[in-house]
Amino acid sequence: MDLCLKLTKDIPGMGNPGNTLTEVKEAIVQWGRKAHTRRWRDLEGQKHSKLFLREPYQANLGNILKLSRNSLRLLAQVITGHNTLNYHLHKMGLASSPGCECGQGDETGEHLLTKCDKYCMTRLVVLGGLQMTTEELSALPFATLARFVMRTGRLGCGEGAK
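Now for a quick tour of the structure.

What counts, and where the lines are drawn
- Residues take numbers from 1 onward in each chain, read along the sequence in its written order.
- Only residues with pLDDT of 70 or above have their local features reported here, since the model is predicted, and side-chain atom pairs are shown and tallied only from 80 upward, although totals for entire chains, interfaces and linings are computed over all residues.
- The basis for every side-chain value is the complete set of heavy atoms in the structure, and neither hydrogens nor water enter the calculation.
- The helix and strand labels rest on DSSP assignments: H or I over at least four residues marks a helix, E over at least two residues marks a strand, and numbering proceeds from the N terminus.
- We call two N or O atoms a polar contact when they sit within 3.5 Å, provided that within protein one can donate a hydrogen and the other can accept it, with sequence-adjacent residues counted only if both atoms are side-chain atoms.
- Orientation is described by axes fitted as lines to C-alpha atoms, over the contacting stretch for helices, and by angles from 0 to 180 degrees between their N-to-C directions.
- Working rule for angles: under 35 degrees goes down as roughly parallel, over 145 as roughly antiparallel, 65 to 115 as roughly perpendicular, anything else as oblique.
- Any pair of residues with heavy atoms lying within 4.5 Å of one another is described as a contacting pair.
- When residues are grouped by polarity, Ala, Val, Leu, Ile, Met, Phe, Trp, Tyr, Cys and Pro land in nonpolar, Asp, Glu, Lys and Arg in charged, and all others, Gly among them, in polar.
- Take a side-chain nitrogen of Lys or Arg and a carboxyl oxygen of Asp or Glu: if they are within 4 Å of each other, that pair is a salt bridge.
- Burial classes: relative accessible area under 20% of the type maximum marks a residue as buried, over 50% as exposed, and values in between as partly exposed (1.4 Å probe, protein chains only).
- Should the near helix be turned counterclockwise from the far one by less than a right angle, the crossing is left-handed, whereas a clockwise turn marks it as right-handed.

## Focus: the environment of E107
So, point 1. Here E107 lies in the loop between α5 (86–91) and α6 (109–114).
So, point 2. With 23 residues separating them in the primary sequence, E107 and T84 have C-alpha atoms 9.6 Å apart.
So, point 3. Side-chain polar atoms of E107 contact the backbone nitrogen of N86, separated by 2.8 Å.

Here it is in structure tokens:
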């Protein structure tokens, strides 16, 4: 019961007996979103994921559930950094170097999506620029990012697969 009393004080509008059920539900949803966003921002680590997900309820998620299973798998690999790019393989002792074939830095998801010279034309066609900043990247719909990753074929499938 103490938790219920605490929540009625923490959630704006909960203590007002004149509120409708719809208003109370909306207040709870907003409170939950704010708490979740605050926890995400305060969470240490997750650097790679936070490049793509600045906050939990962002608009670029778009129609992510309409993506194919394969597109979702590739997108999750790039966003989390757990993939078959050299940086991750090197950390696991499965690649001799974390470097990219283009010679411009470590082969990470961020590098692949933002500045790898090998995929600059694909990036221009699919993402709209030869190079991208992380801010521009985080504003793109996830479906567009998945389309780019598929077109590169770098993660083992798609149009450019080796």
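## As for the packing of helix α4 (residues 69–80) against helix α9 (residues 142–152)
So, point 1. Running from N to C, α4 and α9 cross one another at 95 degrees; their axes reach a closest spacing of 9 Å. Between α4 and α9, the angle falls in the class roughly perpendicular. Residue-level contacts link N70, S71, L74, L75, V78 and I79 of α4 to F142, L145, A146, V149 and M150 of α9.
So, point 2. Partitioned by chemical class, the residues of the contact of α4 with α9 number nine nonpolar, two polar and no charged.

## Some points on the pattern of salt bridges
So, point 1. Within the structure shown, the criterion is met by two salt bridges.
So, point 2. Between R154 and E107 there is a salt bridge, and its shortest N-O distance comes to 2.8 Å. Here the residue R154 occupies a position in the segment after α9, and E107 occupies one in the loop between α5 and α6, the gap between them amounting to 47 residues. A single burial state applies to R154 and to E107, both of which are buried.

## Thoughts on the packing of helix α7 (residues 120–127) against α9
So, point 1. It is the contact of α7 with α9, at a shortest axis distance of 10 Å, that shows an interaxial angle of 150 degrees. Taken together, α7 and α9 sit at an angle that is classed as roughly antiparallel. Note that α7 runs across α9; the crossing there is right-handed. Judged by residue contacts, T122, R123, V125, V126 and L127 of α7 engage T144, L145, R147, F148, R151 and T152 from α9.
So, point 2. When its residues are assigned to classes, the contact of α7 with α9 shows five nonpolar, three polar and three charged.

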